[in-house]
Amino acid sequence: MKKNTLGLLAGLCVLLTGCGTKYTRETSFEEAGVSTSVKETLTLGKDSFKLIEETSMSYSNSALGSFDAYVKFAYSGIAEATDKENTYKLIFESLIVSDYSCEGDAANIGNLAMKTAFSAIFDDATVTYIMDGEKVLIENASDFLPTYVVVDPETKTFR
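My aim in this report is to walk through the structure given alongside it, one point at a time. Note that this is a predicted model, so its numbers are computed, not measured. (Residues numbered from 1 in each chain as written. Predicted model: local features only at pLDDT ≥ 70, side-chain atom pairs only at ≥ 80, totals over all residues. Heavy atoms only, no water.)

1. Observations regarding the pattern of salt bridges
A full pass over the atoms with the stated rule returns one salt bridge. One salt bridge connects Glu 40 with Arg 25, and the closest N-O pair in it is separated by 2.7 Å. Highlighted residues: Glu 40 in strand β2 (residues 34-44) and Arg 25 in strand β1 (residues 21-31), separated in sequence by 15 residues. Assessed through its relative accessible area of 28%, Arg 25 is described here as partly exposed. (Salt bridge = Lys/Arg side-chain N within 4 Å of Asp/Glu carboxyl O. Helix = DSSP H or I, 4+ residues; strand = E, 2+ residues; numbered from the N terminus. Buried < 20%, exposed > 50% of the residue type's maximum accessible area, 1.4 Å probe, protein only.)

Encoded structure:
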């Protein structure tokens, strides 16, 4: 009876915490007066992954004004273990871009910069949907090159 109870408890824990192991990475940098912060959460399953990337940007200039921008990318696909310990090859299958926003008295500057960046990656129709704050699903994201990540099982971080 105790083994059944432990099995049910373990199953409940998996359901509550989701499938896979989560790893995080946070980076910040400043370029041309724009402060950027990127928070990434990688969930590795047995042979799949989900990578959530949340990017926030802030800009402030006494003459031009200020803006705060945000966008979320959710990648998913196949995760393959490599010969190197704790190293995985991520093969992208889909991407969801969502929650784009840019606010402030200099939002026009932020929107122009973001539109330029998005245009380097996506077609015009997709850029328009993103800039309108709509959720965009890109299913055949195989155009993105595979990425290799190294996870640290102790700190639950990745690089």
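Once the structure has been displayed, the description carries forward.
2. A closer look at the layout of surface pockets
Estimates place the volume of the largest pocket at around 490 Å³. Lining the largest pocket are 22 residues, and of these Thr 36, Thr 55, Met 57, Met 114 and Ala 117 sit closest to its centre. Those elements that provide at least two residues to the lining of the largest pocket are β1, β2, β3 (48-61), β4 (65-81) and α2 (107-119). If one sorts the elements of the lining of the largest pocket by residue count, α2 sits on top with six residues. Considering only residue class, the lining of the largest pocket consists of 18 nonpolar, three polar and one charged. In this structure, the second largest pocket spans a volume of roughly 150 Å³. (1 Å grid on protein atoms, 1.4 Å probe; cavity = no way out; pocket = protein on both sides within 12 Å on 5 of 7 lines; lining within 4 Å. Points joined across faces, edges and corners; volume = space filled by probe spheres on them. Nonpolar A, V, L, I, M, F, W, Y, C, P; charged D, E, K, R; others polar.)

3. Here's the deal with the packing of aromatic side chains
Note on aromatic pairs: each is described by the distance of the centres and the angle between the planes. Applying the stated rule across the entire model yields six aromatic pairs. Judged by centre distance (5.5 Å) and plane angle (85°), the ring pair of Phe 49 and Phe 92 falls under edge-to-face. Of the two residues, Phe 49 is situated in strand β3 and Phe 92 in strand β5 (residues 87-103); the sequence distance between them amounts to 43 residues. Each member of the pair, Phe 49 together with Phe 92, is buried. Joined through ring pairs, the aromatic side chains of Phe 49, Phe 73, Tyr 75 and Phe 92 make up one cluster. (Phe/Tyr/Trp six-rings, centres within 6.5 Å; stacked < 30°, edge-to-face > 60°.)

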